[in-house]
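For reference, the chains in residue letters:
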Amino acid sequence: MRKVIALLSAAAAVAALGGAASAAEPDTAALEDTGQGSLVWSSCNDATTPALQCAMLDVPVNYADPHGRKIKIKLNRLPATAPKDQQQGPILLNPGGPGDSGLWMPAYISGQIPKDVASTYDWIGFDPRGTNASDPHVVCDAHYFDAERPDYQVSQGTSKAWLKKAAGYAADCAADWSWLLPHMTTVDNARDMDSIRRALGVQKINFYGGSWGTSLGSTYGQLFPKHVRRMVLDSIVGPTISWYDHNILQDKEHQRRFDAFADWAAKADSVYHLGTDRAAVEKAYAQVEDALRKDPVDAAPAPGKIGPAEFEDTFYGGGYNFLRWPRMATVLSSYLVQHDTRPLNIAYNKYAAPGSDDGTFPAYNAAQCTENAWPRDWETWKKDQAKVNAEAPFYTYNNMWYNAACMFWPYQGNQAGRLKITGKGLPPVLLFQATEDAATPYEGGLAMHDALPGSKLVVQDGGSFHEILFHGNACLDDTFTAYLRDGSLPDGKGRVAKTCAPEADPAPVLVTPPPTLTAKTAAPAAPLSPTDPEAVHGVLR
């Protein structure tokens, strides 16, 4: 239920909303008995993948009290089919988030590699605690993302509205979920992975994680190095950077990717008619956004209107997946040249329309707001973000308001920072990173390699996707396959063991709707399937 509260200073909000989460980690030796339940597998009744099995696993809310209150984790698995003597054990999968579902991953990822390798693993997907089909599914404000939201740009005078909205969200979370929110950190999720391992009855697991999943995997490796067999981290969060500073790096990289999109569209002026240089294309973007401030577009079949905030959300995903660029350019071209809003409506419904509740946003905040300290006063944010916005105006204020609940979060962030990653006792870890990744900037891949002795870093020199595996790039995918096959690693020396080229830019085409399509039949309200080529994974904003 929505709790309407007055606009508070950050300090007042902390006092009003409660105390701080403890930064102390319980002694690992005291956690030998995690109190997890057992796994009872049954068919998922998945017509596409009949062999897929599902289960729920009881885990403790608080691992310091393993026999206290329990919650349930939803899992699925695609069992190994190779002969027993060739099987290599379970590989746990996580796409990022924090909080994104991993249930789509076993069937999909196992299908991207040769069958003689895929058949040797038990592929395990799971929904992180408090999210998706795990129980409970935390919802703080089901209508938080409903359109039309306040304009992101502070120049439009919406800061008070956003501060009130963010403070209200934090209050709603605290009102209903104070018993669980302090226990939804990356460390808690890593301990859930070890509960899964125990319930599977194995001594070691393999792991693939992308985006925030790289933080999850490295955290698991730090806590339980003896239980890691092989580990792959794709599009890497730096192991020490604060989440606040990480967002600033994101802002700058998203600007570079938006500039790359504008350069690409300018080269295709004969298709899109947006201008022949970057500045002209970016001016066209600003023109559409300004027009939507005055005259928002009907979002149907999604509820509400597409205003400037919804427009920005439709476009930022181009920094994650450049297969969206043709549709993005079509939106601008159709709006300005053809005076047709249908492509905007379609793109919004595919890329940015909210679901039936606030999705994984509670899990996102529960992890990021408590794992390190955040500035708790608006003046600090305003000053810092204005400097970043002067350099990177495309994404800065969008990203700032997405994270603003951390200003008011009821549990003070850990002053000591995130769990330190040293890699002690880990086997060699395989790392993948693109130099132009907007969501997890390149510095993170280098920092993780430096933190993990014996790791090997494979670099894609350029930008195309966030989470760079499984898009048909043989240089990348074959390296992953070789490692899963027999532990083979690139033999290059230095910080970068192997370099791969990015995929070719998408062909510039107009992605136009059929002439008879109306706004109300323009697109399904549901988001893209995670296996759709235009989907983005690990949306670490």
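Reference entry: report on the structure contained in this document. (Residues numbered from 1 in each chain as written. Predicted model: local features only at pLDDT ≥ 70, side-chain atom pairs only at ≥ 80, totals over all residues. Heavy atoms only, no water.)

Our focus in this paragraph is the side chain of D188. Looking at the element boundaries, D188 is found in helix α5 (residues 186-200). This buried residue, D188, is left without a salt bridge; R129 holds the nearest opposite charge, at 4.6 Å. A polar contact of 2.8 Å, which involves the side chain of D188, links it to the side chain of T185. Residues contacting D188, with those up to four places away along its chain left out, are Y63, R129, P182 and H183. (Helix = DSSP H or I, 4+ residues; strand = E, 2+ residues; numbered from the N terminus. Buried < 20%, exposed > 50% of the residue type's maximum accessible area, 1.4 Å probe, protein only. Lys, Arg positive; Asp, Glu negative; His and termini not counted. Salt bridge = Lys/Arg side-chain N within 4 Å of Asp/Glu carboxyl O. Polar contact = N/O pair within 3.5 Å; in protein donor to acceptor, adjacent residues only side chain to side chain. Contact = heavy atoms within 4.5 Å.)

A separate point is the pairing of strand β5 (residues 122-127). For β5, the buried fraction is high: six of the six residues fall into the buried class. A two-sided burial pattern is seen for β5, the buried positions comprising D122, I124 and F126 on one face and W123, G125 and D127 on the other. As judged from the five bridges shared by strand β3 (residues 70-78) and β5, these two strands associate in the antiparallel manner. Within β5, the residue paired with R77 across the bridge is I124. As judged from the four bridges shared by strand β4 (residues 90-94) and β5, these two strands associate in the parallel manner. For L93, the partnering residue across the bridge sits in β5 and is G125. (Pairing = 2+ DSSP bridges.)

Attention now goes to the sheet that holds strand β6 (residues 205-211). Across the sheet, ten strands lie side by side as β1-β2-β3-β5-β4-β6-β7-β10-β11-β12; this open sheet has mixed pairing. The open sheet terminates on both sides in strands that have one partner only, identified here as β1 (42-43) and β12 (498-500). Packing of helix α6 (residues 212-223) onto the sheet brings it into contact with β4, β5, β6 and β7 (228-236), and relative to β6 it is tilted by some 145°. With respect to the sheet, helix α17 (residues 474-486) is in contact with β4, β5, β6, β7, β10 (430-434), β11 (456-460) and β12, its orientation differing from that of β7 by roughly 165°. (Axes fitted to C-alpha atoms, helices over the stretch in contact; angles between N-to-C directions.)

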